[in-house]
Amino acid sequence: QVQLVESGGGLVQPGGSLRLSCAASGFIFSSYSMYWVRQAPGKGLEWVSGIISGGGSTSYADSVKGRFTISRDNAKNTLYLQMNSLKLEDTAVYFCVKASNVWVGPRDREWDYWGQGTQVTVSS
């Protein structure tokens, strides 16, 4: 029932920008915190950012703070990640992730459903 579909990934030069989107369905999107998690080639999962259900509180990994912005449009059931000043080390598959319950906040790691991921490649 729950479905998360990422889009917007692609190839970008260092210093460039990209906006990822996640279309959500099958649950009351506006009631849940949402997250972006990434996996670089040969590396483990890395939490990138989280946002509370209403969008008023956000959290970021130190590695992306000041460069990435998470946001959401609850009327459209869509989560976004605006990525600016991209670096080579940002190359990864980016996943949209749902909080396990309505009380989980943007800094927590209690997740249940994942999207299929979208590839972001930063190269010269």
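Note that the coordinates shown come from a computational prediction; the quantities given were computed from them, not determined experimentally.

Things to note about the state of the cysteines
Part 1: Taken as a whole and judged by the stated rule, the model has one disulfide.
Part 2: Disulfide pairing places cysteine 22 opposite cysteine 96 at an S-S distance of 2.0 Å. Its S-S torsion of approximately -70° makes the covalent link between cysteine 22 and cysteine 96 left-handed. Linking cysteine 22 in strand E3 (residues 18-25) with cysteine 96 in strand E9 (residues 92-99), this pair joins segments that are 74 residues apart in sequence.
Part 3: For cysteine 22, a relative accessible area of 0% corresponds to the buried category.
Part 4: We classify cysteine 96 as buried; its relative accessible area is 0%.

Let's talk about the nonpolar core
Part 1: Ranked by size, the top nonpolar core spans 34 residues in total, and within it Trp36, Leu79, Leu81, Met83 and Tyr94 carry the most contacts.
Part 2: If you list the elements that add at least two residues to this core, you get E3, strand E4 (34-39), strand E5 (45-51), strand E7 (68-73), strand E8 (78-83), E9 and strand E11 (118-122).
Part 3: With six residues, E9 is the largest single contributor of residues to this core.

Side note on the sheet that holds strand E1 (residues 3-7)
Part 1: Taken together, four strands build an open sheet; the order of strands is E1-E3-E8-E7 and the sheet is antiparallel. Edge positions in the open sheet fall to E1 and E7, since each of these has one partner strand only. Within the sheet, the average angular offset between the axes of one strand and its neighbour, ignoring direction, is 15°.
Part 2: Pairing between E1 and E3: five bridges, direction antiparallel. Bridge assignment links leucine 4 to a residue of E3, and that residue is alanine 24.

Thoughts on the packing of aromatic side chains
Part 1: Under the defined criterion, the tally for this structure stands at five aromatic pairs.
Part 2: Between phenylalanine 27 and tyrosine 32, the aromatic rings sit 5.6 Å apart at their centres with planes inclined by 85°, giving edge-to-face as the arrangement.
Part 3: On the basis of relative accessible area, phenylalanine 27 is assigned to the buried category, the value being 13%.
Part 4: Under the relative-accessibility criterion, tyrosine 32 is labelled buried at 16%.
Part 5: Aromatic rings pair up to connect Tyr35, Phe95, Trp111 and Trp114 into one cluster.
Part 6: Over the ring of phenylalanine 27 we find lysine 98, and its NZ or CZ is 5.2 Å from the ring centre.
Part 7: The ring of tyrosine 32 has lysine 98 lying over it, and the distance from NZ or CZ to the ring centre is 3.8 Å.

What counts, and where the lines are drawn
- Residues numbered from 1 in each chain as written.
- Predicted model: local features only at pLDDT ≥ 70, side-chain atom pairs only at ≥ 80, totals over all residues.
- Heavy atoms only, no water.
- Disulfide = S-S within 2.5 Å.
- Helix = DSSP H or I, 4+ residues; strand = E, 2+ residues; numbered from the N terminus.
- Buried < 20%, exposed > 50% of the residue type's maximum accessible area, 1.4 Å probe, protein only.
- Core = buried A, V, L, I, M, F, W, Y, C linked by side-chain atoms within 4.5 Å.
- Pairing = 2+ DSSP bridges.
- Axes fitted to C-alpha atoms, helices over the stretch in contact; angles between N-to-C directions.
- Phe/Tyr/Trp six-rings, centres within 6.5 Å; stacked < 30°, edge-to-face > 60°.
- Lys NZ or Arg CZ within 6 Å of the ring centre and 35° of its normal.

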